[in-house]
Amino acid sequence: MAVSSLLADKGKEVMCPLCMEYLTDPVSVDCGHNFCLDCITDFCEKWEVCGLLKCPVCRTHIQKENFQPNWQLANIVSQLKFLALKEKLCQKHQEKLRLFCREDEQLVCQVCEHSPEHKQHSVVLLEEAAQDYKDKIKAQLKSLEKEREILVPQKLSEEIASQKTLAQIEAEKGKVRSAFEHMHNFLEEIEGFWLAQLGDLEKEIKKKLKDNITRISQEITRMSYLIREMEEQCQQPDSEFLQNIKSTMSRYAKKPVDPVASHIPGLEDRLQSCYQKNCVLEDTMGKFAESLEQALNKGPPQLWNK
(Lines give C-alpha, C1' and ligand atoms only; values in the text may rest on other atoms or scores of the structure.)
Protein backbone atom coordinates (compact mmCIF):
# COMPACT_ATOMS: atom_id res chain seq x y z
CA MET A 1 0.00 0.00 0.00
CA ALA A 2 1.33 3.47 -0.95
CA VAL A 3 2.13 5.85 1.88
CA SER A 4 -0.59 8.31 0.85
CA SER A 5 -3.16 5.50 0.67
CA LEU A 6 -2.06 4.17 4.04
CA LEU A 7 -2.39 7.61 5.61
CA ALA A 8 -5.81 8.13 4.04
CA ASP A 9 -6.95 4.71 5.24
CA LYS A 10 -5.68 5.09 8.80
CA GLY A 11 -6.36 8.81 9.12
CA LYS A 12 -9.69 8.54 10.93
CA GLU A 13 -8.33 6.00 13.39
CA VAL A 14 -5.51 8.24 14.54
CA MET A 15 -7.51 11.49 14.68
CA CYS A 16 -9.06 12.76 17.90
CA PRO A 17 -12.85 13.22 17.50
CA LEU A 18 -12.70 16.36 19.63
CA CYS A 19 -9.78 18.38 18.22
CA MET A 20 -9.63 16.66 14.81
CA GLU A 21 -5.85 16.48 15.05
CA TYR A 22 -3.49 13.57 15.43
CA LEU A 23 -4.01 11.90 18.82
CA THR A 24 -1.69 13.12 21.55
CA ASP A 25 -1.24 10.80 24.55
CA PRO A 26 -4.28 8.75 23.40
CA VAL A 27 -6.53 7.14 26.02
CA SER A 28 -9.44 4.71 25.59
CA VAL A 29 -12.72 5.30 27.41
CA ASP A 30 -15.27 2.67 28.53
CA CYS A 31 -16.93 2.38 25.11
CA GLY A 32 -13.59 1.89 23.31
CA HIS A 33 -13.34 5.27 21.59
CA ASN A 34 -9.99 7.03 21.73
CA PHE A 35 -9.27 10.68 22.54
CA CYS A 36 -6.33 12.94 23.37
CA LEU A 37 -5.81 12.84 27.11
CA ASP A 38 -6.06 16.64 27.41
CA CYS A 39 -9.13 16.80 25.14
CA ILE A 40 -11.19 14.22 27.01
CA THR A 41 -10.07 15.66 30.36
CA ASP A 42 -11.28 19.16 29.36
CA PHE A 43 -14.52 17.67 28.03
CA CYS A 44 -15.19 15.89 31.32
CA GLU A 45 -14.53 19.02 33.35
CA LYS A 46 -17.11 20.95 31.28
CA TRP A 47 -19.86 18.30 31.05
CA GLU A 48 -19.55 16.29 34.24
CA VAL A 49 -22.91 16.46 36.08
CA CYS A 50 -23.49 14.46 39.27
CA GLY A 51 -20.66 12.13 38.31
CA LEU A 52 -22.37 11.02 35.04
CA LEU A 53 -20.45 11.43 31.80
CA LYS A 54 -21.20 10.38 28.21
CA CYS A 55 -18.82 9.61 25.37
CA PRO A 56 -18.72 12.54 22.94
CA VAL A 57 -19.04 10.07 20.03
CA CYS A 58 -21.59 7.41 21.03
CA ARG A 59 -23.13 8.97 24.17
CA THR A 60 -22.31 5.88 26.25
CA HIS A 61 -21.80 6.49 29.95
CA ILE A 62 -18.10 6.66 30.82
CA GLN A 63 -16.01 7.19 33.97
CA LYS A 64 -12.81 9.19 34.23
CA GLU A 65 -11.15 6.66 36.48
CA ASN A 66 -11.48 4.04 33.73
CA PHE A 67 -9.40 5.95 31.15
CA GLN A 68 -6.67 3.64 29.81
CA PRO A 69 -3.57 4.82 27.93
CA ASN A 70 -3.49 3.29 24.45
CA TRP A 71 0.24 2.78 23.90
CA GLN A 72 -0.23 0.79 20.71
CA LEU A 73 -2.30 3.54 19.12
CA ALA A 74 0.23 6.15 20.27
CA ASN A 75 2.97 4.19 18.50
CA ILE A 76 0.88 4.02 15.30
CA VAL A 77 0.26 7.80 15.47
CA SER A 78 3.98 8.43 15.85
CA GLN A 79 4.78 6.24 12.82
CA LEU A 80 2.09 7.86 10.68
CA LYS A 81 3.32 11.34 11.60
CA PHE A 82 6.80 10.34 10.50
CA LEU A 83 5.53 8.92 7.23
CA ALA A 84 3.40 12.01 6.56
CA LEU A 85 6.40 14.26 7.22
CA LYS A 86 8.64 12.15 5.01
CA GLU A 87 6.01 12.04 2.24
CA LYS A 88 5.38 15.81 2.68
CA LEU A 89 1.67 15.25 3.24
CA CYS A 90 -0.72 17.50 5.10
CA GLN A 91 -1.14 16.10 8.58
CA LYS A 92 -4.77 17.21 8.64
CA HIS A 93 -5.93 15.97 5.24
CA GLN A 94 -3.21 13.51 4.12
CA GLU A 95 -2.98 15.39 0.84
CA LYS A 96 0.28 16.32 -0.82
CA LEU A 97 1.62 19.76 0.09
CA ARG A 98 1.71 21.34 -3.36
CA LEU A 99 0.86 24.93 -2.34
CA PHE A 100 2.37 27.66 -0.19
CA CYS A 101 0.57 30.29 1.92
CA ARG A 102 2.45 33.56 1.72
CA GLU A 103 0.81 35.10 4.81
CA ASP A 104 1.47 32.12 7.12
CA GLU A 105 4.65 31.13 5.27
CA GLN A 106 3.81 27.44 5.37
CA LEU A 107 3.07 24.56 3.01
CA VAL A 108 -0.61 23.71 2.51
CA CYS A 109 -2.64 21.22 0.51
CA GLN A 110 -5.58 21.92 -1.84
CA VAL A 111 -8.04 21.25 0.97
CA CYS A 112 -6.24 23.72 3.24
CA GLU A 113 -6.39 26.35 0.49
CA HIS A 114 -10.20 26.47 0.74
CA SER A 115 -10.31 26.19 4.53
CA PRO A 116 -11.31 29.26 6.63
CA GLU A 117 -7.70 29.71 7.83
CA HIS A 118 -6.29 30.26 4.32
CA LYS A 119 -9.34 31.23 2.25
CA GLN A 120 -8.46 34.95 2.26
CA HIS A 121 -4.70 34.36 1.96
CA SER A 122 -2.43 34.48 -1.05
CA VAL A 123 -1.76 30.82 -1.92
CA VAL A 124 0.62 30.00 -4.78
CA LEU A 125 2.23 26.91 -6.22
CA LEU A 126 5.08 25.38 -4.25
CA GLU A 127 7.55 25.88 -7.10
CA GLU A 128 6.63 29.57 -7.51
CA ALA A 129 7.05 30.29 -3.80
CA ALA A 130 10.32 28.40 -3.70
CA GLN A 131 11.69 30.40 -6.63
CA ASP A 132 10.66 33.69 -4.99
CA TYR A 133 12.44 32.80 -1.78
CA LYS A 134 15.47 31.53 -3.65
CA ASP A 135 15.69 34.86 -5.46
CA LYS A 136 15.48 36.71 -2.14
CA ILE A 137 18.15 34.50 -0.60
CA LYS A 138 20.41 34.93 -3.63
CA ALA A 139 20.04 38.72 -3.32
CA GLN A 140 20.93 38.52 0.37
CA LEU A 141 23.79 36.17 -0.51
CA LYS A 142 25.27 38.71 -2.92
CA SER A 143 24.93 41.43 -0.31
CA LEU A 144 26.66 39.25 2.29
CA GLU A 145 29.45 38.38 -0.15
CA LYS A 146 30.06 42.08 -0.82
CA GLU A 147 30.16 42.78 2.92
CA ARG A 148 32.54 39.88 3.38
CA GLU A 149 34.81 41.24 0.64
CA ILE A 150 34.94 44.51 2.57
CA LEU A 151 35.59 42.80 5.89
CA VAL A 152 38.41 40.53 4.69
CA PRO A 153 40.93 43.35 4.04
CA GLN A 154 39.73 45.07 7.22
CA LYS A 155 40.51 41.90 9.15
CA LEU A 156 43.94 41.71 7.54
CA SER A 157 44.57 45.37 8.33
CA GLU A 158 43.50 44.84 11.94
CA GLU A 159 45.79 41.82 12.25
CA ILE A 160 48.75 43.76 10.86
CA ALA A 161 48.03 46.74 13.11
CA SER A 162 47.62 44.41 16.09
CA GLN A 163 50.92 42.67 15.38
CA LYS A 164 52.66 46.03 14.98
CA THR A 165 51.19 47.32 18.23
CA LEU A 166 52.10 44.14 20.09
CA ALA A 167 55.64 44.36 18.71
CA GLN A 168 55.88 47.96 19.93
CA ILE A 169 54.62 46.93 23.35
CA GLU A 170 57.18 44.12 23.50
CA ALA A 171 59.92 46.59 22.54
CA GLU A 172 58.80 48.98 25.28
CA LYS A 173 58.76 46.11 27.77
CA GLY A 174 62.34 45.38 26.74
CA LYS A 175 63.28 49.02 27.37
CA VAL A 176 61.67 48.89 30.82
CA ARG A 177 63.51 45.68 31.69
CA SER A 178 66.81 47.12 30.45
CA ALA A 179 66.34 50.41 32.33
CA PHE A 180 65.48 48.69 35.61
CA GLU A 181 68.26 46.14 35.16
CA HIS A 182 70.73 48.98 34.68
CA MET A 183 69.28 50.75 37.72
CA HIS A 184 69.45 47.55 39.80
CA ASN A 185 73.09 47.00 38.82
CA PHE A 186 73.95 50.62 39.62
CA LEU A 187 72.24 50.52 43.00
CA GLU A 188 73.74 47.12 43.84
CA GLU A 189 77.21 48.48 43.03
CA ILE A 190 76.73 51.53 45.26
CA GLU A 191 75.17 49.38 47.95
CA GLY A 192 78.10 46.95 47.85
CA PHE A 193 80.68 49.76 48.01
CA TRP A 194 78.93 51.53 50.86
CA LEU A 195 78.34 48.33 52.85
CA ALA A 196 81.96 47.33 52.31
CA GLN A 197 83.13 50.62 53.86
CA LEU A 198 80.86 50.13 56.82
CA GLY A 199 82.02 46.51 57.07
CA ASP A 200 85.68 47.61 57.17
CA LEU A 201 84.88 50.10 59.93
CA GLU A 202 82.98 47.41 61.81
CA LYS A 203 85.95 45.01 61.58
CA GLU A 204 88.36 47.73 62.75
CA ILE A 205 86.17 48.53 65.75
CA LYS A 206 85.80 44.85 66.67
CA LYS A 207 89.58 44.27 66.43
CA LYS A 208 90.33 47.34 68.54
CA LEU A 209 87.84 46.28 71.19
CA LYS A 210 89.29 42.76 71.25
CA ASP A 211 92.86 44.10 71.67
CA ASN A 212 91.77 46.45 74.46
CA ILE A 213 89.96 43.69 76.31
CA THR A 214 93.02 41.43 75.98
CA ARG A 215 95.39 44.12 77.38
CA ILE A 216 93.04 44.92 80.24
CA SER A 217 92.68 41.24 81.07
CA GLN A 218 96.47 40.82 81.14
CA GLU A 219 96.86 43.85 83.43
CA ILE A 220 94.19 42.52 85.77
CA THR A 221 96.01 39.17 85.93
CA ARG A 222 99.37 40.86 86.72
CA MET A 223 97.82 42.99 89.44
CA SER A 224 96.04 40.02 90.96
CA TYR A 225 99.32 38.09 91.17
CA LEU A 226 101.10 41.09 92.73
CA ILE A 227 98.33 41.61 95.29
CA ARG A 228 98.44 37.95 96.34
CA GLU A 229 102.26 38.11 96.67
CA MET A 230 102.07 41.27 98.77
CA GLU A 231 99.47 39.74 101.04
CA GLU A 232 101.66 36.66 101.55
CA GLN A 233 104.72 38.87 102.22
CA CYS A 234 102.90 40.79 104.95
CA GLN A 235 102.01 37.55 106.73
CA GLN A 236 105.74 36.52 107.20
CA PRO A 237 107.48 36.95 110.56
CA ASP A 238 109.03 40.37 111.05
CA SER A 239 112.59 39.10 110.78
CA GLU A 240 111.93 37.41 107.45
CA PHE A 241 109.74 40.27 106.27
CA LEU A 242 112.55 42.85 106.79
CA GLN A 243 115.41 40.83 105.34
CA ASN A 244 115.03 42.10 101.77
CA ILE A 245 112.68 44.97 102.40
CA LYS A 246 114.55 47.32 100.10
CA SER A 247 114.26 44.97 97.16
CA THR A 248 110.70 44.15 98.06
CA MET A 249 109.62 47.77 98.21
CA SER A 250 111.35 48.48 94.96
CA ARG A 251 109.49 45.62 93.28
CA TYR A 252 106.18 46.62 94.80
CA ALA A 253 106.62 50.28 93.94
CA LYS A 254 103.53 51.59 92.06
CA LYS A 255 104.13 51.66 88.36
CA PRO A 256 101.98 53.72 86.05
CA VAL A 257 99.49 51.64 84.11
CA ASP A 258 99.60 52.10 80.38
CA PRO A 259 96.38 53.76 79.28
CA VAL A 260 94.11 51.60 77.11
CA ALA A 261 92.81 53.39 74.06
CA SER A 262 89.07 52.80 74.22
CA HIS A 263 88.37 54.31 70.85
CA ILE A 264 89.66 54.39 67.32
CA PRO A 265 91.27 57.65 66.23
CA GLY A 266 88.73 59.70 64.31
CA LEU A 267 85.93 57.21 65.08
CA GLU A 268 83.41 59.89 66.00
CA ASP A 269 84.11 61.77 62.79
CA ARG A 270 83.85 58.61 60.70
CA LEU A 271 80.56 57.59 62.33
CA GLN A 272 79.16 61.08 61.85
CA SER A 273 80.16 60.92 58.18
CA CYS A 274 78.32 57.60 57.81
CA TYR A 275 75.23 59.04 59.45
CA GLN A 276 75.24 62.08 57.17
CA LYS A 277 75.74 59.96 54.06
CA ASN A 278 72.84 57.70 55.09
CA CYS A 279 70.61 60.73 55.56
CA VAL A 280 71.56 61.97 52.10
CA LEU A 281 70.95 58.48 50.69
CA GLU A 282 67.47 58.19 52.23
CA ASP A 283 66.51 61.69 51.10
CA THR A 284 67.84 61.12 47.57
CA MET A 285 66.09 57.76 47.19
CA GLY A 286 62.82 59.27 48.45
CA LYS A 287 63.02 62.15 45.97
CA PHE A 288 64.02 59.77 43.17
CA ALA A 289 61.07 57.44 43.86
CA GLU A 290 58.67 60.40 43.98
CA SER A 291 60.07 61.90 40.75
CA LEU A 292 59.92 58.54 38.96
CA GLU A 293 56.31 57.96 40.03
CA GLN A 294 55.29 61.46 38.89
CA ALA A 295 57.06 61.00 35.55
CA LEU A 296 55.36 57.67 34.88
CA ASN A 297 51.92 58.99 35.86
CA LYS A 298 51.98 62.19 33.79
CA GLY A 299 49.91 60.85 30.93
CA PRO A 300 49.34 58.00 28.46
CA PRO A 301 52.47 56.40 27.04
CA GLN A 302 53.81 58.05 23.90
CA LEU A 303 53.71 54.61 22.30
CA TRP A 304 50.11 55.07 21.21
CA ASN A 305 50.89 58.34 19.43
CA LYS A 306 53.58 56.86 17.20
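Before any of the text, the structure's been laid out above.
Residues numbered from 1 in each chain as written. Predicted model: local features only at pLDDT ≥ 70, side-chain atom pairs only at ≥ 80, totals over all residues. Heavy atoms only, no water.

**Student:** Please give an account of the overall build of the chain that cites residues and values.
**Tutor:** Of regular secondary structure, the chain possesses eight helices and eight strands. When burial is assessed residue by residue, the chain has 18% of its 306 residues classed as buried. Counting only contacts in the chain whose residues sit at least 6 apart along the sequence, the fraction spanning at least 24 positions is 49%. In the form shown here, the chain has an accessible surface area of approximately 23,900 Å², with 56% of it arising from carbon and sulfur atoms. (Helix = DSSP H or I, 4+ residues; strand = E, 2+ residues; numbered from the N terminus. Buried < 20%, exposed > 50% of the residue type's maximum accessible area, 1.4 Å probe, protein only. Contact = heavy atoms within 4.5 Å. Areas by Shrake-Rupley, 256 points an atom, 1.4 Å probe, with all protein chains shown as cover.)

**Student:** Lay out the nonpolar core with the relevant residues and their values.
**Tutor:** By size, the foremost hydrophobic cluster in this structure holds 20 residues, and its most contacted members are Ile40 and Phe67. Elements with a contribution of two residues or more to this core: strand 2 (34-36), helix 2 (37-47) and helix 3 (71-87). The dominant element in this core, judged by the number of residues it contributes, is helix 2, at four residues. Ignoring sequence-local partners within four residues, the contact set of Phe67 consists of Val27, Ser28, Val29, Ile40, Cys44 and Ile62. Listed in part, the eight residues of the second largest apolar core include Cys90, Leu99, Cys112 and Val123. (Core = buried A, V, L, I, M, F, W, Y, C linked by side-chain atoms within 4.5 Å.)

**Student:** Summarise the packing of helix 5 (residues 126-234) against helix 7 (residues 245-252); cite the residues concerned and give the values.
**Tutor:** Where helix 5 meets helix 7, the closest approach of the two axes is 12 Å, and the angle between their N-to-C directions is 155 degrees. Taken as axis vectors, helix 5 and helix 7 run roughly antiparallel relative to one another. In the crossing of helix 5 with helix 7, the sense of the turn from one axis to the other is left-handed. Only Thr248, Arg251 and Tyr252 of helix 7 make contact with helix 5, whose side of the interface consists of Leu226, Glu229, Met230 and Gln233. (Axes fitted to C-alpha atoms, helices over the stretch in contact; angles between N-to-C directions. Parallel < 35°, antiparallel > 145°, perpendicular 65-115°, else oblique. Left-handed = near helix turned anticlockwise from the far one by under 90°.)

**Student:** Give a description of the packing of aromatic side chains that names residues and reports values.
**Tutor:** Per the stated rule, a full pass over the model turns up two aromatic pairs. Ring centres of Phe43 and Trp47 lie 6.3 Å apart, and the angle between their planes is 35 degrees; on these two criteria the pair is classed as tilted. In this pair, Phe43 and Trp47 both sit in helix 2, four residues apart, roughly one turn of the helix. What makes Trp47 exposed here is its relative accessible area of 56%. Taken together, a centroid distance of 5.6 Å and an interplanar angle of 80 degrees make the contact between Phe100 and Tyr133 edge-to-face. Of this pair, Phe100 sits in strand 6 (residues 99-101) while Tyr133 sits in helix 5, and the two are 33 residues apart along the sequence. (Phe/Tyr/Trp six-rings, centres within 6.5 Å; stacked < 30°, edge-to-face > 60°.)

**Student:** I'd like a rundown of the sheet that holds strand 2, residues and numbers included.
**Tutor:** Pairing is antiparallel in the open sheet, where three strands are placed in the order 2-1-5. The sheet is open, and its two borders are formed by strand 2 and strand 5 (68-69), each paired with just one other strand. In this sheet, strand 2 lies alongside strand 1 (residues 26-28) in antiparallel orientation, the contact comprising three bridges. Opposite Val27, over in strand 2, you have Phe35 as the bridge partner. Seen against the sheet, helix 2 touches strand 1 and strand 2 and runs at an angle of roughly 90 degrees to strand 2. (Pairing = 2+ DSSP bridges.)

**Student:** Please give an account of helix 2 that cites residues and values.
**Tutor:** For helix 2, the full list of buried residues reads Cys39, Ile40, Phe43 and Cys44. In an axial view of helix 2, the angular spread of the buried residues amounts to 130 degrees, which keeps them on one side of the axis. Relative to its buried face, helix 2 has exposed residues pointing more than 90 degrees away, namely Asp38, Glu45 and Lys46. Structurally, helix 2 contributes buried residues whose contacts are with strand 1, strand 2 and strand 3 (53-54). (Arc of directions from axis to C-beta.)

**Student:** Outline the sheet that holds strand 8 (residues 123-125), listing residues and values.
**Tutor:** The sheet built from three strands is open, its strands ordered 7-6-8 with antiparallel pairing. Two strands close off the open sheet at either side, each with one partner strand: strand 7 (106-108) and strand 8. For this sheet the average axis-to-axis angle between neighbouring strands, irrespective of direction, equals 40 degrees. Pairing analysis gives three bridges linking strand 6 to strand 8, with the strands arranged antiparallel.

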